[in-house]
2 protein chains.
Amino acid sequence: MKIGIVGGTGDIGEGMTLRLSPKHDVIVGSREEAKAIATCDTCREALHERDQECSLIGGSNQRAVDEADIVILAIPFKHVIPILKALTGFEGKIVVSPVNPIERTTHFSYAPPPEGSAAMMIKGLLPPDATVCAAFNNIAAEKWRALDEELDYSVAVCCDDDSAKHTVMEIVNSVSRLRAYDAGPLRAASVVESVTPLLLNIARFNRLKDVGIRFV
Amino acid sequence: MKIGIVGGTGDIGEGMTLRLSPKHDVIVGSREEAKAIATCDTCREALHERDQECSLIGGSNQRAVDEADIVILAIPFKHVIPILKALTGFEGKIVVSPVNPIERTTHFSYAPPPEGSAAMMIKGLLPPDATVCAAFNNIAAEKWRALDEELDYSVAVCCDDDSAKHTVMEIVNSVSRLRAYDAGPLRAASVVESVTPLLLNIARFNRLKDVGIRFV
């Protein structure tokens, strides 16, 4: 299974590249191809220093879609609509949304679009035979990048297609100590996405950094 | 500090009584006083069998409000309005809401009232000098009652008053291995309450029971 990371040069995209490319073939996508190639070089170097092999190529976001079976949208909520409108070829792909619509005032709150969640909005923007999965919503970018630390978290996965959900849960379980949990249909993604503003509040009001979650 | 539990004879109320009465003076309230007294007898017996002392009296919900400094509303969301409309005397009290507005279809989802959360709705139903705190939202009733197991969870606490928040966090930390976290102002309670439908989905779709949460 080839994994394409749209927005693969952002904080979370680079972290995902570091964690996924030793296990899977990864295509790092970016709006600027040169940036994607530079990110691949940085990641390859960091992994080689730790004696880890990896399978990595950098290119445009469109190439990350075209060449992958599974496309991860590692982009902020506010960029989802313009980026998806500029891309084609999602037919038959599994599309993973780690996207969280969040507002910041005196605290962080969940600010979903009219569709109810980022995941449901993304489903509406893609062709009907693309399969959207919400996953990886509640892991901080810094933790993805901290290669010398284990990622010891629970990951809730929402999807309407059992086979795609199973595939994504296997990818989750292939990374560090992440444990995937079936969190129901895609419509249930709102309560997964809304954990992220909670974790940001917990970090902020308790002077912690990069708080994650475990189901126990 | 005296703790009154409105709805103290329900599943979660009885569990809270078992866990809180060895550490604090607890007044168990019920719409039927006889039921409250029976619950106190049951709890006292269960605690004595485990060589634990407790401070417990049973009475009406109104008595649980009148005699307590801190009132916990251990009632389902759908009963909040009728029960609060029937009670008086909340002036100057700390009112703890573990209430979660949840809808069940093919999955569990968060169904907040127009105020944005159960906690904010409760604030609007009480006199202005009552201080509402959201706490204990994400712990299953069965776990409260399982006296021979530790409660090893994180508890998010939301409140607009620092002193009341501190008091409630100390009560949280007095119970088993619960760890209180400041989760910001009361307006941030929606992202705390919405963890509960997520935990119910995690339990349901992974065939688990009574799933809880830890911030790590």
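Please refer to the structure higher up on the page.
Residues numbered from 1 in each chain as written. Chains lettered and ligands numbered in written order. Predicted model: local features only at pLDDT ≥ 70, side-chain atom pairs only at ≥ 80, totals over all residues. Heavy atoms only, no water.

Asker: Summarise the interface of chain A and chain B; cite the residues concerned and give the values.
Answerer: Taken together, the contact between chain A and chain B spans 32 residues of the former and 32 residues of the latter. Between chain A and chain B lies a buried interface of about 2,500 Å² when both sides are counted; carbon and sulfur atoms form 71% of it. Interface area lost by chain A to chain B is led by V191, L198 and V216 of chain A, which between them contribute 25%. Here chain A is connected to chain B by zero salt bridges. The interface formed by chain A and chain B includes six residue pairs in polar contact (both at pLDDT 80 or more). When residues of the side of chain A that touches chain B are traced back to their parent elements, those giving at least two are β10 (179–182), α8 (190–193), α9 (195–205) and β11 (213–215) of chain A. Take the side of chain A that touches chain B: its biggest share by element is seven residues, from α9 of chain A. Class assignment of the residues belonging to the side of chain A that touches chain B gives a composition of 20 nonpolar, seven polar and five charged. By the bridge criterion, three bridges tie β11 of chain A to strand β11 (residues 213–215) of chain B in an arrangement that is antiparallel. (Contact = heavy atoms within 4.5 Å. Buried area = accessible area lost by both parts, 1.4 Å probe. Salt bridge = Lys/Arg side-chain N within 4 Å of Asp/Glu carboxyl O. Polar contact = N/O pair within 3.5 Å; in protein donor to acceptor, adjacent residues only side chain to side chain. Helix = DSSP H or I, 4+ residues; strand = E, 2+ residues; numbered from the N terminus. Nonpolar A, V, L, I, M, F, W, Y, C, P; charged D, E, K, R; others polar. Pairing = 2+ DSSP bridges.)

Asker: Before we move on, can you summarise the state of the cysteines with the specific residues and values?
Answerer: All chains considered together, the criterion is met by zero disulfides over all chains. With no disulfide of its own, C54 of chain B lies 7.9 Å from the sulfur of C43 of chain B, the closest cysteine sulfur. (Disulfide = S-S within 2.5 Å.)

Asker: Outline the packing of aromatic side chains, supporting the account with residue identities and numerical values.
Answerer: Geometrically, a pair of aromatic rings is defined through the distance of the ring centres and the angle of the planes. Per the stated rule, a full pass over the model turns up four aromatic pairs over all chains. With a centroid separation of 5.2 Å and 70° between ring planes, the pair formed by F136 of chain A and W144 of chain A is classed as edge-to-face. Residue W144 of chain A is classed as buried on the basis of its relative accessible area, which comes to 0%. Sitting over the face of the ring of F205 of chain B, K165 of chain A holds its NZ or CZ atom 5.9 Å from the ring centroid. (Phe/Tyr/Trp six-rings, centres within 6.5 Å; stacked < 30°, edge-to-face > 60°. Buried < 20%, exposed > 50% of the residue type's maximum accessible area, 1.4 Å probe, protein only. Lys NZ or Arg CZ within 6 Å of the ring centre and 35° of its normal.)

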